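Descriptive structure summary
Residue strings, one per chain:
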Amino acid sequence: MTLDWSPVWISLKTAALATLIAFFLGAIAARTMFKYRGKAKGLIDGIFTAPLVLPPTVVGFFLLLLLGKYGPIGRLLRAFDVTIIFTWYAAVIAATVVAFPLMYKTALGAFQQIDTTLLSSARTLGATEWQVFWKVLLPLARPGLIAGVLLAFARALGEFGATLMLAGSIPGRTQTIPIAIFFAAESGDMAEAMLWVSVMLGLSLTIVVAVNYWSDRRPEKRIRKRAKEGHLSLVDESLLPWDHPVTPLTWEYSRTNVLPNPIELIVDIQKQLPGIKINVSFSTNQLPLGLLGGSGAGKSFILRCIAGLETPDQGCIILNGRVLFDSRRGINVPIRDRRVGFLFQNYALFPHLTVAQNIAFGLPKGLSSVAIRQRVEKQLIAIQLQGLGDRYPQELSGGQQQRVALARALASEPDILLLDEPFSALDTYLRDQLEKLLRLSLTHFPGATLFVSHNLEEAYRICPNLLILDEGQIIAQGPKQEIFDYPHDFRVAQLTGCKNFSRTLVASENEITALDWGCTLKIYEPIPPHLAHLGIRAHQLTFPDIDGIKDGYSDNIFPCWLTSQSETQHRTTLYLKLNSAPTSPFDYHLQAEVFKDKWNELKEHPQPWRIQLHPLRLMLLQNSSGSISLEYKPSHSSRMTRDDRSNQHPS
Ligand SMILES: Nc1ncnc2c1ncn2[C@@H]1O[C@H](COP(=O)(O)OP(=O)(O)OP(=O)(O)O)[C@@H](O)[C@H]1O
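Reading the values: rules and limits
- Residues numbered from 1 in each chain as written.
- Predicted model: local features only at pLDDT ≥ 70, side-chain atom pairs only at ≥ 80, totals over all residues.
- Heavy atoms only, no water.
- Patch = residues over 30% accessible without salt bridge, like charges linked within 9 Å, V, L, I, M, F, W, Y side chains within 5 Å.
- Areas by Shrake-Rupley, 256 points an atom, 1.4 Å probe, with all protein chains shown as cover.
- Salt bridge = Lys/Arg side-chain N within 4 Å of Asp/Glu carboxyl O.
- Helix = DSSP H or I, 4+ residues; strand = E, 2+ residues; numbered from the N terminus.
- Buried < 20%, exposed > 50% of the residue type's maximum accessible area, 1.4 Å probe, protein only.
- Near = heavy atom within 4 Å.
- Polar contact = N/O pair within 3.5 Å; in protein donor to acceptor, adjacent residues only side chain to side chain.
- Nonpolar A, V, L, I, M, F, W, Y, C, P; charged D, E, K, R; others polar.
- Pairing = 2+ DSSP bridges.
- Axes fitted to C-alpha atoms, helices over the stretch in contact; angles between N-to-C directions.
- Lys, Arg positive; Asp, Glu negative; His and termini not counted.
- Expected span 1.5 Å × (residues − 1).
- Arc of directions from axis to C-beta.
- Contact = heavy atoms within 4.5 Å.
- Phe/Tyr/Trp six-rings, centres within 6.5 Å; stacked < 30°, edge-to-face > 60°.
- Lys NZ or Arg CZ within 6 Å of the ring centre and 35° of its normal.
- Right-handed = clockwise from strand over helix to strand, strands pointing away.
- pLDDT = per-residue confidence, 0-100.
- UniProt positions renumbered as here; feature names shortened; annotations may be inferred.

1. Re a nonpolar patch on the surface
On the surface, L17, L20, I21, F24, L25 and I28 cluster together into a nonpolar patch covering about 510 Å² of accessible area. When you line up the elements, F24 lands in helix α1 (residues 6-35). Residue F24 is classed as partly exposed on the basis of its relative accessible area, which comes to 43%.

See below:
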């Protein structure tokens, strides 16, 4: 008797079609659930996953109830003279339903693994939600999706219970291999059953191997190949002769509505977050504005609100007259239409796209392919990566990646550049190079710039204006020189790097007793009514025996003893006690910072040395809270902080 091979064909086409349908439904369901934050999340997820945990016969029973002669869908279809039950379509439906949860779950898991900064980055580069899904989410989730397809196919191929209940076992029409195995074994024909089992094994293995081979054709494979052929050497930029002049990044605006003059960003927003209320109101022009503040002060959050990645509870954001957000008028412009260039700390380059493709991603839509090539090439030259356009981000060093990210952000022709600690992941050398490139590029950038950094010196060099944030509130804003020289507020002085503070007692009209320094100081400026602290920056303490008397003012000179000292390569921090010798390594009043040559000179002098707290350098500080700060714990045996020990912020 000749064997009927139809179960092979039926199984293959059923599993293939069911996998295809399950792939699209599963991916779309996963994407929807990935974004969905509603209360019904758990319930919907449970419904989507149910066919995975229920016995196939139960799934088959439910499908029969729905699609059967008297089921709601079955009756509806009968009106059009269509019957599903006991047809091949029923086998496809049964296989799709049981394969769907595997596709859905693996796709959702794969989406959740993706760095959300990449999605935010795509949105700020003008991508629509569909483009984000198609061009970023799906390709990045590719390994997970392939695993999902494999699992779904295997499940569909092996489906038995639900298929039998819904499609029956009609030879040549609905009989799949698993059903053929069952009936062969039941009728005692073990040879035929074994044959089908072997076919099943062969099919499954072939498909798994083929999919694995195909799925390995990814950037990683190309990178490995290039490395093997010797075309790829990861560039250690610290070994490169970076003495060639840094050229600024240039960009052309293809939009007809060129940026207005003057540039103006107005931000007035409030947002209640768990544990902190963001409440800021400021405006800025074309000069870069630096946002400084402690960790968790709300700096990044403000940038994210401007970009549209977060939504304030109330307020408005207006950029060059364009209302991006207005709670009262119900305006909330989508991220892609805000025209912001966002530079993230971790570069956020798309790992599945080459350097050239990354830059092209940000280019305005509608450019011809020649124009795209030209613009990308121009940017590559500007960031000195010409010839490396076909590399993947993983094949570049950190500094090169951030240069690509900067070029990509600028290529999108933004009205505003938002830089969120863009150099913090780089070493000192690369940081310096990138900073140079940024500073030069910003002088040509026609829009507004906000720059978040923890590095005071970097912010000072890049930004003419500063905004100081504390716990979600602005405590100072203005030209950098003014903020550093006249902070007026204890927290502002602290956040701008001042390390010497003392509580105060007003002794007379022009004298203040510094309680924590144990001395009384002459003051030349009027004493403010709510004075809380005196402050003086570490580098502004002088030693009259070496520095001489500055400007003829000889007030506030005291004997001092060295308690301890710590060194960086160029500077030395001296911990000093005024008026008497220290009794322990933590017994000091002031920190002074001096260059090495001065330290070498100073240490030759016998102690006590003489130190001057120059009246013009003393800062008369109020408390932003209106009360004595609880965070500052001054004492005669002041503690050495972690910052002090590492000497990271000389000031
Ligand atoms: N979407 C959000 N939902 C809830 N809380 C948030 C959200 N975004 C930020 N926060 C919280 O708001 C506070 C400010 O966060 P933000 O990232 O803006 O601080 P930051 O000043 O940039 O700090 P850092 O310098 O450490 O990056 C933090 O406490 C943070 O946990």
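2. Regarding the site of the ligand
Of all residues adjacent to the ligand, which total 14 residues, the nearest are S295, G296, S300, F301 and H454. Between A297 and the ligand, the recorded distance is 3.0 Å, taken from a backbone N or O atom to an oxygen atom. F301 has a polar backbone atom sitting 2.8 Å from an oxygen atom of the ligand. Here the residues of the shell around the ligand sort into 5 nonpolar, 6 polar and 3 charged.

3. Digging into the sheet that holds strand β14 (residues 519-522)
Read across the open sheet, the 5 strands follow the order β14-β13-β12-β15-β20; overall the sheet is antiparallel. Looking at the sheet topology across the chains shown, the edges are occupied by β14 and β20 (619-622). Taking each pair of neighbouring strands and ignoring which way they run, the sheet shows an average axis angle of 40°.

4. Looking at the pairing of strand β5 (residues 322-326)
Sheet analysis places strand β4 (residues 314-319) next to β5, joined by 4 bridges and oriented antiparallel. Counterpart to I318 in the pairing with β5 is V323. Where β4 folds back on β5, the antiparallel hairpin that results is connected by 2 residues, among which N320 adopts a positive phi of roughly 50°. Bridging between β5 and strand β6 (residues 331-332) involves 2 bridges; their strand directions are antiparallel. Within β6, the residue paired with F325 across the bridge is N332.

5. Overview of the side chain of R537
Summarising the element assignment, R537 is placed in the loop between β15 (531-536) and α21 (544-547). Among buried Asp, Glu, Lys and Arg side chains, R537 stands out as unpaired, with D485 the closest opposite charge at 5.7 Å. Separated by 2.7 Å, the side chain of R537 and the backbone oxygen of F484 make a polar contact. Polar contacts involving the side chain of R537 include one to the main-chain carbonyl oxygen of T496, which spans 3.0 Å.

6. Brief notes about the pattern of salt bridges
When charged atoms on two side chains of opposite charge get close, those side chains can pair. Scanning the model with the defined rule gives 23 salt bridges in all. The closest approach of N and O atoms between R31 and E129, which form a salt bridge, is 3.8 Å. Taken as a pair, R31 in helix α1 and E129 in helix α7 (residues 129-140) lie far apart in primary sequence, 98 residues in all. In the salt-bridge network here, residues are joined through shared partners; they are R31, K35, R123 and E129.

7. Points about helix α3 (residues 56-67)
End to end, α3 covers 16 Å across 12 residues, agreeing with the expected 16 Å (1.5 Å per residue, within 8%). Within α3 the residues assigned to the buried category are V59, G60, L63 and L67. Each buried residue of α3 lies within a common arc of 100° when the element is viewed along its axis, so the set occupies one face. As for α3, its buried residues are in contact with α2 (41-53), α4 (72-79), α5 (88-113) and α9 (161-167).

8. A closer look at the packing of aromatic side chains
Two descriptors summarise a pair of aromatic rings, namely the distance from one centre to the other and the angle between the planes of the rings. The tally for this structure, following the rule as stated, stands at 21 aromatic pairs. Residues F23 and F24 carry aromatic rings whose centres are separated by 5.2 Å and whose planes lie at 80° to one another, so their mutual orientation is edge-to-face. Ring geometry for F350 versus F361: centroids 4.7 Å apart, planes at 50°, classification tilted. With F350 in the loop between β7 (340-343) and α14 (355-362) and F361 in helix α14, this residue pair connects regions lying 11 residues apart in the sequence. Residue class for F361 comes out buried when judged on its relative accessible area of 9%. Linked through ring pairs, F34, F111, W130, F133 and W134 together constitute an aromatic cluster. Positioned over the ring face of F361 is K135, at 5.8 Å from the centre of the ring.

9. Quick look at the environment of I475
Mapped onto the secondary structure, I475 falls in strand β11 (residues 473-479). Distance in space between the C-alpha atoms of I475 and R491 is 7.9 Å, their sequence separation being 16 residues.

10. Some thoughts on the environment of G308
Note that G308 resides in the loop between α13 (299-307) and β4. By relative accessible area, G308 is classed as buried at 17%. Between the C-alpha atom of G308 and that of D337, which follows or precedes it by 29 residues, the distance is 9.5 Å. Excluding residues that lie within four positions of it along the chain, G308 makes contacts with I335 and R338.

11. Quick word on the sheet that holds strand β16 (residues 557-567)
Pairing in this open sheet of 4 strands is antiparallel, and the strands run β18-β17-β16-β19 from one edge to the other. Every other strand in the sheet has two partners, leaving β18 (590-595) and β19 (609-612) as the edge strands with one partner each. Taking the axes of each pair of neighbouring strands and ignoring which way they run, one obtains an average angle of 55° across the sheet. Alignment of strand β17 (residues 571-578) against β18, held across 6 bridges, turns out to be antiparallel. Bridge pairing links R571 to F595 in β18.

12. So, the pairing of strand β9 (residues 448-452)
Of all 5 residues in β9, 5 are buried, a share of seventy percent or more. In this structure, strand β8 (residues 416-420) lies alongside β9, joined through 5 bridges in parallel fashion. If you follow I416 over to β9, its bridge partner there is A448. As for the winding sense of the linkage, the β-α-β connection from β8 through helix α17 (residues 428-444) to β9 is right-handed.

13. Here we look at helix α8 (residues 142-157)
With 16 residues, α8 should cover 22 Å at 1.5 Å per step; its first-to-last C-alpha distance of 22 Å lies within 8% of that length. Those residues of α8 not exposed but buried are G144, L145, I146, G148, L150, A152, F153, A156 and L157.

14. Focus on the confidence of the model for the chain
Caution applies to low-pLDDT regions: their predicted coordinates should not be interpreted in detail. Averaged over all residues, the pLDDT of the chain is 86; the fraction at 70 or higher stands at 88%. The low-confidence segment residues 232-243 (pLDDT under 50) makes 26 contacts with residues lying over four places distant or belonging to another chain. Here residues 626-651 is a poorly scored stretch, pLDDT under 50, and it has 62 contacts once near neighbours within four places are set aside; other chains count.

15. Quick word on the UniProt feature "transmembrane region" (unreviewed entry) in the chain
Mapped onto the present numbering, the UniProt feature "transmembrane region" (unreviewed entry) falls at residues 15-34, 46-68, 88-111, 132-154 and 193-215. Between the end C-alpha atoms of residues 15-34 the distance is 27 Å, and the span holds 100% helix and 0% strand. Along residues 88-111 the backbone is 100% helical and 0% strand, and the end-to-end C-alpha distance reaches 33 Å.

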